[in-house]
Amino acid sequence: MRGMRMESYKHKKVISIGIVSELTGLSPRQIRYYEERQLIFPDRSKGTRKYSFADVEWLVEIANKREEGVQTREIRYEMMKEIRETMRKGQINAHFRSRM
């Protein structure tokens, strides 16, 4: 139960772009660019972007990859590949759970 509570705060989108900028060292313009490139998906409330701690971690990872020379399209391709793999594993697990 305790682990679930800790994990839920990590994904709650409550952090403003200004705070994310301070935490990551990225400018708001860079953060918006990564959103345009579909690498990050903030929630929007009345035009205000809100991010989670998981988003902050992902932005730091994106920034590190960019420093290594990785293009945003390559980062997005890898991100989508990981999402597809996670979904596939979930479907396989659900299939076997339903057979028990």
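- Naming follows an unreviewed UniProt entry, where the chain appears as MerR family transcriptional regulator of Anoxybacillus kestanbolensis.

## So, the nonpolar core
Then, in step 1: Core analysis: the largest hydrophobic core is formed by 16 residues, its most contacted members being V20, I31, Y34, Y51, W58, L59 and I62.
Then, in step 2: The greatest single-element share of this core, amounting to five residues, is contributed by helix α4 (residues 53-67).
Then, in step 3: Setting aside its immediate chain neighbours within four residues, I31 contacts I17, V20, S21, T24, L26, I40, Y51 and L59.

## A few points about the pattern of salt bridges
Then, in step 1: Under the criterion given, the structure shown has seven salt bridges.
Then, in step 2: Between K13 and D55 there is a salt bridge, with its nearest N and O atoms 2.8 Å apart. In this pair, K13 is assigned in the loop between α1 (2-11) and β1 (15-16) and D55 in helix α4, connecting sequence segments 42 residues apart.
Then, in step 3: Of the residues examined, D55 reaches a relative accessible area of 10% and is grouped as buried.
Then, in step 4: For the salt bridge of E35 with R44, the shortest nitrogen-to-oxygen distance reads 3.1 Å.

## Digging into the packing of helix α2 (residues 17-24) against α4
Then, in step 1: Between α2 and α4, the shortest axis-to-axis distance is 10 Å and the interhelical angle comes to 50 degrees. One finds that α2 runs oblique with respect to α4. Judged by the sense of rotation from one axis to the other, the crossing of α2 with α4 is right-handed. Contact with α2, carried on its side by V20, L23 and T24, involves V56, L59 and V60 of α4 and no other residues of that element.

## Concerning the packing of α2 against helix α3 (residues 28-36)
Then, in step 1: The geometry of α2 relative to α3 is characterised by a closest axis approach of 9 Å and an angle of 105 degrees between their N-to-C directions. Judged by the angle between their axes, α2 and α3 are roughly perpendicular. Two secondary-structure elements touch here, α2 through I17, V20, S21 and T24 and α3 through P28, I31 and R32.
Then, in step 2: Tallied by class, residues from the contact of α2 with α3 come to four nonpolar, two polar and one charged.

## Concerning the sheet that holds β1
Then, in step 1: Read from one edge to the other, the open sheet built from three strands follows the order β1-β3-β2, with strand pairing classed as antiparallel. Of all the strands in the sheet, just β1 and β2 (43-45) have a single pairing partner and so form its edges.
Then, in step 2: Where β2 lies against strand β3 (residues 48-51), three bridges are found, and the strand directions are antiparallel. Counted as the bridge partner of S45 is T48 from β3.

Each value, and the rule that gives it
Residues numbered from 1 in each chain as written. Predicted model: local features only at pLDDT ≥ 70, side-chain atom pairs only at ≥ 80, totals over all residues. Heavy atoms only, no water. Core = buried A, V, L, I, M, F, W, Y, C linked by side-chain atoms within 4.5 Å. Buried < 20%, exposed > 50% of the residue type's maximum accessible area, 1.4 Å probe, protein only. Helix = DSSP H or I, 4+ residues; strand = E, 2+ residues; numbered from the N terminus. Contact = heavy atoms within 4.5 Å. Salt bridge = Lys/Arg side-chain N within 4 Å of Asp/Glu carboxyl O. Axes fitted to C-alpha atoms, helices over the stretch in contact; angles between N-to-C directions. Parallel < 35°, antiparallel > 145°, perpendicular 65-115°, else oblique. Left-handed = near helix turned anticlockwise from the far one by under 90°. Nonpolar A, V, L, I, M, F, W, Y, C, P; charged D, E, K, R; others polar. Pairing = 2+ DSSP bridges.

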